[in-house]
Amino acid sequence: METAKGGTTQHGASEHVTDGPPRPRDEFPLDPPWLQLPPEVGELLRPMLPGVVHALIDAIPLMVPAYARPIEGRFGRGVRKGTTVALERFLQLPGTRLPALNEESRMLVAGLGSGEFRQGRSMDALLGAYRAGARVTFRELSKASVEHGLGMSVVVNLGESILAYIDELSAVSAEAYAFAQSERAGEMDRRRTQLLELLLLGHGDEASVRQAAAMADWSLPSRLAVVTLPVEKAEGLRLGLGPGALVVERETDVVALVPAGASKRSRAALARTLRGRGASIGPGGGWERIPDSLRLAMQAASVLPPRDGEAAPPIWADEHLAEVVLGTEPSALAELAVRRLAPLEGLRPTQRERLAQTLHSWLRHWGQRTPIAAELGVHPQTIGYRTTQLRDLFGEDLDDPQVRFELELVLNAGHR
């Protein structure tokens, strides 16, 4: 006899469990149910084992549709071996405190779980097979127990032990299934991160990009856009953007690559997902334009005022390209402002601001008094008076298209 922590069995074998995928739980914090079975039950029922294996092989395809195929070839050998090892282990348990599974049986049962994932099936089929196996095993072994005159209490304890044993098999297989699933997800995340970095850097030709996308199990859209946002506002972003997006977290920000639909509906849907995240979205285009989309998204985020608040919409860089262009060379723009706004320098601050505002509106509305007056909320005659002042200050420069363009640039940038 031995304890559940290991030692020697009545046959003198050492029991232990090796490392691998994490154990699902401590099997039985109290005495296992098979401790109540007479030790001789295992030996008495062992001659029944080949017949039980045969009954299981016949029953499972009928009871579990996912396995409704001939039990032959490599698949058949695997099923027979797994069934035999599991039953042999169970017959070692009566009258002991042994854990349900030893090293060999645990590895085999875990392999069944990970194998189901590799075959693309859910765990439902395997768990159904375990349940079906428990019913068939109890039917066959309880019949033999009665024939040997072991008594009804043994039959009841036998049934409880079979259920507890199947529970442990199910738990180990489910744990291995989840472990394989997480490993696959981790590998896929790594490949998608590599793909995103390849696209953001603009490295590689179309063939290498499409190969990397195929290895990452990602369909390359015809149009893509880059999204940047602060890392502290990225919670739930992957789920919100869906499986069509690639997301990578950097030190201070998060970069996502998303399909860039041109319709108003698709833009509105993306804006809803990014609302309140302080996001900036680069222009959409083919995969070769992704580095440009990233650069413009980052420039828009740095040039434009930040959008804070839970309902704040994202910044669309393609709606602010002029501001982005102006913001890329602030020192040159400041020098241009000094030169072009020099005629206003000698005025009082309030007068300078008022005339600069009027000049800005005058340039936008091509000198038309009525829309200028409406925009500034003053009488058209006032606009006429201010225009005369501007003519006196700037002279013939107001008739020069290049000067007017440069004046509008500096005034759009907020210079006065």
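Only a predicted model underlies this, so the values are computations on that prediction, with no experimental measurement involved.

Cut-offs and rules
Residues numbered from 1 in each chain as written. Predicted model: local features only at pLDDT ≥ 70, side-chain atom pairs only at ≥ 80, totals over all residues. Heavy atoms only, no water. Helix = DSSP H or I, 4+ residues; strand = E, 2+ residues; numbered from the N terminus. Rg over C-alpha atoms; globule rule 2.2 N^0.38 Å. Buried < 20%, exposed > 50% of the residue type's maximum accessible area, 1.4 Å probe, protein only. Contact = heavy atoms within 4.5 Å. Lys, Arg positive; Asp, Glu negative; His and termini not counted. Charge placed at Lys NZ, Arg CZ, Asp CG, Glu CD. Expected span 1.5 Å × (residues − 1). Core = buried A, V, L, I, M, F, W, Y, C linked by side-chain atoms within 4.5 Å. Phe/Tyr/Trp six-rings, centres within 6.5 Å; stacked < 30°, edge-to-face > 60°. Salt bridge = Lys/Arg side-chain N within 4 Å of Asp/Glu carboxyl O. Pairing = 2+ DSSP bridges. Axes fitted to C-alpha atoms, helices over the stretch in contact; angles between N-to-C directions.

Participant: Could you give me a rundown of the overall build of the protein, with the residues and numbers involved?
Facilitator: Looking only at helices and strands, the protein features 16 helices and five strands. Whereas a compact globule of 416 residues would reach a radius of gyration of roughly 22 Å, the protein reaches 38 Å, over 25% beyond that. Dimensions along the principal axes, computed over C-alpha positions, put the protein at roughly 120 × 45 × 35 Å. By the burial criterion, 43% of the 416 residues in the protein qualify as buried. When contacts within the protein are restricted to residue pairs at least 6 apart in sequence, those whose partners lie at least 24 apart make up 70%. Computed over 47 positive and 52 negative side-chain charges, the inter-centroid distance for the protein is 5 Å.

Participant: Outline helix 13 (residues 349-364), supporting the account with residue identities and numerical values.
Facilitator: Taking 1.5 Å per residue, 16 residues should reach 22 Å; helix 13 reaches 23 Å between its end C-alpha atoms and fits that length. Taken residue by residue, helix 13 has Gln-351, Leu-355, Ala-356, Thr-358, Leu-359, His-360, Ser-361, Trp-362 and Leu-363 as its buried positions. The elements touched by buried residues of helix 13 are helix 14 (369-376), helix 15 (380-394) and helix 16 (401-412).

Participant: Summarise the nonpolar core; cite the residues concerned and give the values.
Facilitator: The tendency in soluble globular proteins is for nonpolar side chains to be buried side by side. In terms of nonpolar packing, the biggest core is built from 47 residues, with Phe-90, Tyr-165 and Leu-169 touching the most fellow members. When contributions to this core are tallied by element, the ones reaching two or more residues are helix 1 (40-45), helix 2 (49-63), helix 3 (73-91), helix 4 (103-118), helix 5 (124-147) and helix 6 (152-201). Of the residues forming this core, the biggest block, 11 residues, is contributed by helix 6. Among all residues touching Tyr-165, those that are not within four sequence positions of it are Trp-34, Ala-86, Arg-89, Phe-90, Leu-93, Ala-100 and Leu-101. Core analysis: the next-biggest nonpolar cluster, separate from the first, contains 23 residues, Leu-333, Ile-372, Ile-383 and Leu-411 among them.

Participant: Before we move on, can you summarise the packing of aromatic side chains with the specific residues and values?
Facilitator: The tally for this structure, following the rule as stated, stands at two aromatic pairs. Pairing Phe-90 with Tyr-165 gives two aromatic rings, centres 5.2 Å apart and planes at 50°, and the pair type is tilted. One end of the pair, Phe-90, is in helix 3; the other, Tyr-165, is in helix 6, with 75 residues separating them in the sequence. Relative accessible area serves as the criterion here: at 3%, Phe-90 is assigned to the buried category. Pairing Phe-117 with Tyr-177 gives two aromatic rings, centres 5.6 Å apart and planes at 85°, and the pair type is edge-to-face.

Participant: A description of the side chain of Ser-105 should follow, citing residues and the corresponding values.
Facilitator: Tracing the chain through its elements places Ser-105 in helix 4. Look past the residues within four positions of Ser-105 in its chain and what remains in contact with it is Val-85 and Arg-89.

Participant: Any details on helix 6? Residues and values, ideally.
Facilitator: Taking 1.5 Å of rise per residue, the 50 residues of helix 6 would be expected to cover 74 Å, and the 74 Å separating its terminal C-alpha atoms lies within 8% of that figure. The first or second residue beyond helix 6 is Gly-202, which carries a positive phi of 75°.

Participant: Tell me about the pattern of salt bridges, residues and numbers included.
Facilitator: Counting across every chain of the model gives 15 salt bridges. A salt bridge links Asp-31 to Arg-97, with the nearest nitrogen and oxygen atoms 2.3 Å apart. In this pair, Asp-31 sits in the segment before helix 1 while Arg-97 sits in the loop between helix 3 and helix 4, placing the two residues 66 residues apart along the sequence. Measuring nitrogen to oxygen at the nearest pair gives 3.0 Å for the salt bridge that ties Arg-391 to Asp-399. Bridged by salt links that share partners, the residues Glu-187, Arg-190 and Arg-191 form one connected network.

Participant: Give a description of the sheet that holds strand 1 (residues 224-230) that names residues and reports values.
Facilitator: Strand order in the open sheet formed by five strands is 2-3-1-4-5, with mixed pairing between adjacent strands. Pairing within the sheet leaves two strands with one partner each, and these edge strands are strand 2 (246-249) and strand 5 (315-316). Inspection of the sheet shows strand 1 paired to strand 3 (residues 253-259) by seven bridges, in the antiparallel sense. Residue pairing in the sheet places Thr-228 in a bridge with Val-255 of strand 3. Those strands touched by helix 10 (residues 290-303) are strand 1, strand 3, strand 4 (280-281) and strand 5, and its axis lies near 35° from that of strand 1.

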